[in-house]
Every structure is written in C-alpha cells, then in structure tokens.
Amino acid sequence: MPLRLPPGVSRLTAATQLSIHAEFAGWELSNVRLYSDGTRKVVLRRKRRNVPLPGIIT
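Residues numbered from 1 in each chain as written. Predicted model: local features only at pLDDT ≥ 70, side-chain atom pairs only at ≥ 80, totals over all residues. Heavy atoms only, no water.

### Regarding the pairing of strand 2 (residues 27-34)
In terms of strand pairing, strand 2 meets strand 3 (residues 40-46) through 7 bridges, oriented antiparallel. Bridging from a neighbouring strand, Glu28 pairs with Arg45 of strand 3. Between strand 2 and strand 3, which follow one another and run antiparallel, lie 5 residues, and Gly38 among them has a positive phi close to 100 degrees. (Pairing = 2+ DSSP bridges. Helix = DSSP H or I, 4+ residues; strand = E, 2+ residues; numbered from the N terminus.)

Here you go:
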C-alpha cells in the first residue's frame, strides 16, 4: 500500500500516522523514500500470518 506524506509533515507526525496503520490495520513498514522537495513516499505491506488456507488440511 503506497502512502504519500506531504512536505510539511514532521517526523513525529509521520511516525504516529504509520504506527496507527500498523496497530489497527495490520500493516508494517516496507520502504520509505524522502524526496528533495520534502515529500515522503512510504510503502506498507501486510504482515504475514500463519493461518491455513480454507479447504487445505495439514
């Protein structure tokens, strides 16, 4: 899931926003790019879960 943060967002605000995504939506940080204009492009990914697929017996 790509997420773009505008140049005016502080590091603390960005960290808070990302921790909310991680805690309540099940995302984890994959990659962060900081551009010269101050914009941040953040890529989040879903956490892997060890849940068996339906219909598959182990």
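### A word on the sheet that holds strand 3
With antiparallel pairing, the 3 strands of this open sheet are ordered in space as 1-3-2. Strands at the two margins of the open sheet, each flanked by one partner only, are strand 1 (2-5) and strand 2. Neighbouring strand axes in the sheet, compared pairwise and without regard to direction, differ in orientation by 25 degrees on average. Sheet contacts for helix 1 (residues 11-25): strand 1, strand 2 and strand 3; angle to strand 3, the most-contacted strand, approximately 15 degrees. (Axes fitted to C-alpha atoms, helices over the stretch in contact; angles between N-to-C directions. Contact = heavy atoms within 4.5 Å.)

### Considerations on the side chain of Arg40
By the secondary structure assignment, Arg40 is in strand 3. Buried and unpaired, Arg40 has no salt bridge, with Asp37 as the nearest side chain of opposite charge at 9.8 Å. Of the polar contacts made by the side chain of Arg40, one reaches the backbone oxygen of Val9; its length is 3.0 Å. Setting aside residues no more than four positions away along its own chain, Arg40 makes contact with Leu3, Arg4, Leu5, Val9, Ser10, Arg11, Ala14, Arg33 and Leu34. (Buried < 20%, exposed > 50% of the residue type's maximum accessible area, 1.4 Å probe, protein only. Lys, Arg positive; Asp, Glu negative; His and termini not counted. Salt bridge = Lys/Arg side-chain N within 4 Å of Asp/Glu carboxyl O. Polar contact = N/O pair within 3.5 Å; in protein donor to acceptor, adjacent residues only side chain to side chain.)

### Some words on the pattern of salt bridges
Taken as a whole, this structure holds 1 salt bridge when the rule is applied. Here Arg45 ties to Glu28 by a salt bridge, and the two come within 2.9 Å at their closest N and O atoms. On the criterion of sequence distance, the pair formed by Arg45 in strand 3 and Glu28 in strand 2 is long-range, its members being 17 residues apart.

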